[in-house]
Amino acid sequence: MSREIKTLCPYCGVGCGLLATSDGARISKVRGDPKHPANFGKLCPKGASVAQTVDVATRLRSAFVRERETEFTPVSPSIAIRHAAQRLNQVIQTHGPESVAFYLSGQMTTEAQYLAGKFAKACLRTNHCDSNSRLCMSSAAAGMNLSLGSDGPPVCYDDINHADAFFFIGSNAAECHPVTFARVKERLDRGAKCVVADPRKTATAQAAHVHLAVRPGTDLALLNGLLHLLRKWDKLDATYIANHTDGWSQLERILPDYSPPRVALICGIEEADLLAAAQVLAGAKRFMTFWTMGVNQSVLGTFTSSAIINLHLATGQIGKPGAGPFSLTGQPNAMGGRDAGYMSHQLPGQRFIADPQHRAQMETFWNLPPNHLQPHPGYDAVRLFDAAAAGEIKAIWIIGTNPAASLPNLKSVRAGLEAAELVIVQDAYNPTETNRFAHVLLPAAINLEQSGTFCNSERRVTLMEPVVAPPGDARPDWWWVQQIAQEMGYGRGMSFANAAAIFDEFARSTAGRPNDQSALHHKLLRERGPQQWPYPAMGQSQSRRYEDGRFPTPTGKARLLAREHVELDDRPTRAFPLILTTGRLLNQWHTRTKTGNVPLLNKLDPAPYLQMHPQDAGELGLHDRQHVAVASRFGEATTFLKLDDSITPGVCFMPIHWNDLWAQGASPNEAASNLRDPISKQPALKAVAVRVTPANMTPTTPPQLPAATHAGALR
Ligand code: SF4
């Protein structure tokens, strides 16, 4: 008999609730959950078509192992677990625990993220455990930590209903967070105002009252210029600044340098447009600022995140309905992962490895002897693969992500994967660009096939229930981690009956921390529905943080940080005259392992391209649909040219979704910068100086695994 089961969309950090109708074997229908506070029933095309990603030919249904240079052999889960455990033990015995690295994903459940992090840091004693949040929003997290004293947006989706102005900077929310943007659009239709800063006239910019087509890499100058004008027009909140912030005098000192003529010149915009944008913010009773990868993926990502927060602190536009800085989360559970401490500098409960007190707290919590945890942060994502290429990291365990397509500096990533003695890849799909480097392939359940939690952009934790059973030998990520840990002899502390039991331990680890979730558990989430942290509230509002004007810093005040604009190193030159920027499209997701299976999505966004203004193409002698090479001083990608006058001349754009499985060198990451933000270590994937020349693309034939069924795998 069919029934409707509550689950979650597996894509972006909006975190839309789904109701999936299933008889236990097949999913017959998916609709938006009308009661889920993230979407109230709405879905974008990706969420609406998610059932088509479940029972597809590209699902990985069996484990596979191979020795170097040999073919993959299908094996039973028990053989794969024994093999992986033996190989990991061998690497550790020969090279030590810090020769092992983990690369995790914001698409894993919180339970799996917590368990993998615990296994790496507490059991194996390696902090080389990072995640693809490093690519996504580590700059936003670092900015919030520095400015507000803790990670996690202060606002909630309901604030959109109370704001009368919106500022999007480095965010094409109409395509990347469409359900949240639909909510903003409803407010715009009822009279609210909108400013968008983006070098492209994106779908978001088309809805704006003021579009600032800023030069890539100039957001900091723009933010300081807006603050300059708000101060000049006496629109700052002096009482809030005095009572709830530190650092105003230093910030105020730099503002005279950001006069409208200078800012307009730096940003490449009209002074009148800058003034119009500032007037929208000055005239708003309540405004919200949304930002995401356009800000974060820069060497100035952390500084720019702090400059966004400066704007809100200095105007008192925080801690009240309809006001605040809102870092939109790229992945469905990046917030949960950061809460669980799944990055190489973190421990659970928003603790930091470099802090001796935080290490001592987790050693007590995990029943470990004093000084058991390694005291130094592990390698971030980029350095982790560099260290593998250099022979320092010998084993890499990758879960739910595709670094051979999604990281910058892909040559080094591939070299690292080739050099490693052991590569374990846990994924729900095959082929992927990364799987071909694996020695052990473990089939993972997707979120429609398991129980677990995700935490979305507004800090809301939702429980998903299994809708159908995973195919073949596929199992939840946490199950594979626990089985291999136990096989390696780490039974103590790695023996959980189910995901609910893991969540209970994770939740207890957050007690008393800024992201306290200690009173949450699966049963409560099942009975009362999704909940925001902090939970328990301890006298605070759960919807909105910092309503009392107190911040989790040593002084109890937020920090206004003076952040100066600096010109990026990678500016256009005669050799590389254009600036390449990258981003998502509405109907594809990351490296297309899921969305590549959905005919409608492929029809809507069918192929890669380089978007270029016709004026630039004319000067270069290029024509529409031509194959082109996009070369930077870091590498070269190939794609089709798409002429479009909605992009600023001098800037070009490539979507991130197409990679080697589509055509050799199709990823924009082939040409991506290997520079990083010095604080957050986030790669500067945006704003790379490139030249574009005619070229040929080579279509790719995806590699196949030998046929394996559940019954046919070696036992
Ligand atoms: Fe899924 Fe994001 Fe679309 Fe919602 S907006 S349905 S979470 S992809």
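Residues numbered from 1 in each chain as written. Predicted model: local features only at pLDDT ≥ 70, side-chain atom pairs only at ≥ 80, totals over all residues. Heavy atoms only, no water.

Ordered in space as β1-β2-β3, the 3 strands form an open sheet in which the pairing is antiparallel. Each of the sheet's edge strands pairs with one partner strand only, and the pair in question is β1 (3-8) and β3 (27-32). Pairs of neighbouring strands in the sheet enclose a mean axial angle of 30 degrees, with direction left out of account. One ladder, built from 6 bridges, connects β1 with strand β2 (residues 17-22); its direction is antiparallel. Residue pairing for β2: T7 is matched across the bridge by L18. (Pairing = 2+ DSSP bridges. Helix = DSSP H or I, 4+ residues; strand = E, 2+ residues; numbered from the N terminus. Axes fitted to C-alpha atoms, helices over the stretch in contact; angles between N-to-C directions.)

Glancing now at the pairing of strand β26 (residues 636-643). In terms of strand pairing, strand β24 (residues 610-612) meets β26 through 3 bridges, oriented parallel. If you follow L610 over to β26, its bridge partner there is L641. Looking at chain direction, strand β25 (residues 627-631) and β26 are connected through 5 bridges and run antiparallel. Each bridged residue has a counterpart across the sheet, and for H627 the counterpart in β26 is F640.

Quoted interface sizes are often the accessible area lost when the parts come together. Along its sequence, the chain is organised into domain 1 (3-53), domain 2 (63-135 + 334-500), domain 3 (138-328) and domain 4 (578-694). The C-alpha-based centres of domain 1 and domain 2 are spaced at 27 Å. On the side of domain 2, 18 residues touch domain 1, which itself brings 20 residues to the contact. Both faces combined, the contact of domain 1 with domain 2 buries some 1400 Å², and carbon together with sulfur accounts for 62% of it. Here domain 1 and domain 2 share 7 residue pairs in polar contact (both at pLDDT 80 or more) between them. Where the side of domain 1 that touches domain 2 is concerned, the elements lending two or more residues are β1 and β2. Top element by residues in the side of domain 1 that touches domain 2 is β1. It accounts for 4 residues. For the side of domain 1 that touches domain 2, the per-class residue count stands at 11 nonpolar, 7 polar and 2 charged. (Domains from an automatic or database assignment. Contact = heavy atoms within 4.5 Å. Buried area = accessible area lost by both parts, 1.4 Å probe. Polar contact = N/O pair within 3.5 Å; in protein donor to acceptor, adjacent residues only side chain to side chain. Nonpolar A, V, L, I, M, F, W, Y, C, P; charged D, E, K, R; others polar.)

Time to look at the packing of helix α18 (residues 381-389) against helix α20 (residues 410-419). Orientation of α18 relative to α20, taken along the N-to-C sense of each, is 50 degrees, at an axis distance of 7 Å. Classified by the angle their axes make, α18 and α20 are oblique. Seen along the crossing, α18 lies across α20 with a hand that is left-handed. Facing α18, whose interface residues are F385, D386, A388 and A389, α20 presents S412, V413, A415, G416, L417 and A419. Residues of the contact of α18 with α20, tallied by class, amount to 7 nonpolar, 2 polar and 1 charged. (Parallel < 35°, antiparallel > 145°, perpendicular 65-115°, else oblique. Left-handed = near helix turned anticlockwise from the far one by under 90°.)

Moving on to the site of the ligand. Taken together, C9, Y11, C12, G15, C16, L43, C44, K46, G47, P178 and V179 are the residues near the ligand. Those elements that provide at least two residues to the shell around the ligand are α1 (45-48) and α7 (178-189). (Near = heavy atom within 4 Å.)

Within the largest apolar cluster, 125 residues are counted, with the highest numbers of intra-cluster contacts made by F119, F167, L222 and W397. At 9 residues, the largest contribution of residues to this core is made by helix α3 (residues 110-124). With near-sequence residues (within four places) excluded, F119 lies in contact with F102, L124, W397, V481, A485, M488, Y490 and M494. In terms of nonpolar packing, the next biggest core, distinct from the first, is built from 43 residues, F168, V184, C194 and L448 among them. (Core = buried A, V, L, I, M, F, W, Y, C linked by side-chain atoms within 4.5 Å. Buried < 20%, exposed > 50% of the residue type's maximum accessible area, 1.4 Å probe, protein only.)

This paragraph deals with the environment of Q588. Of note, Q588 is situated in the loop between β23 (578-583) and α24 (599-604). Classification of Q588 as buried rests on a relative accessible area of 0%. C-alpha separation for the pair Q588 and L60, spaced 528 residues apart in sequence, amounts to 20 Å. When neighbours within four sequence positions are excluded, Q588 is seen to be in contact with K46, T595, G596, L601, N602, D605, H657 and W658. Separated by 3.4 Å, the side chains of Q588 and R592 make a polar contact. Polar side-chain contacts of Q588 include one of 2.7 Å to the side chain of T595.

A rise of 1.5 Å per residue sets the reference length of helix α13 (residues 271-283), with its 13 residues, at 18 Å; its end C-alpha atoms lie 18 Å apart and thus fit the reference within 8%. Those residues of α13 that fall on the buried side of the exposure criterion are L274, A277, A278, V280, L281 and A282. (Expected span 1.5 Å × (residues − 1).)

Quick look at the pattern of salt bridges now. Applying the stated rule across the entire model yields 21 salt bridges. Residue K42 pairs with E186 through a salt bridge whose shortest N-O separation is 3.1 Å. Taken as a pair, K42 in the loop between β3 and α1 and E186 in helix α7 lie far apart in primary sequence, 144 residues in all. Look at E186 and you get partly exposed, because its relative accessible area is 37%. One network of salt bridges, in which partners are shared, links R414, R436, D660 and E670. (Salt bridge = Lys/Arg side-chain N within 4 Å of Asp/Glu carboxyl O.)

What follows concerns the layout of surface pockets. If you add up the space inside the largest pocket, you get close to 400 Å³. Along the walls of the largest pocket sit 20 residues, with R134, H345, F352, I679 and S680 positioned nearest its centre. The dominant element in the lining of the largest pocket, judged by the number of residues it contributes, is helix α5 (residues 138-148), at 5 residues. Residues that form the lining of the largest pocket fall into these classes: 8 nonpolar, 7 polar and 5 charged. (1 Å grid on protein atoms, 1.4 Å probe; cavity = no way out; pocket = protein on both sides within 12 Å on 5 of 7 lines; lining within 4 Å. Points joined across faces, edges and corners; volume = space filled by probe spheres on them.)

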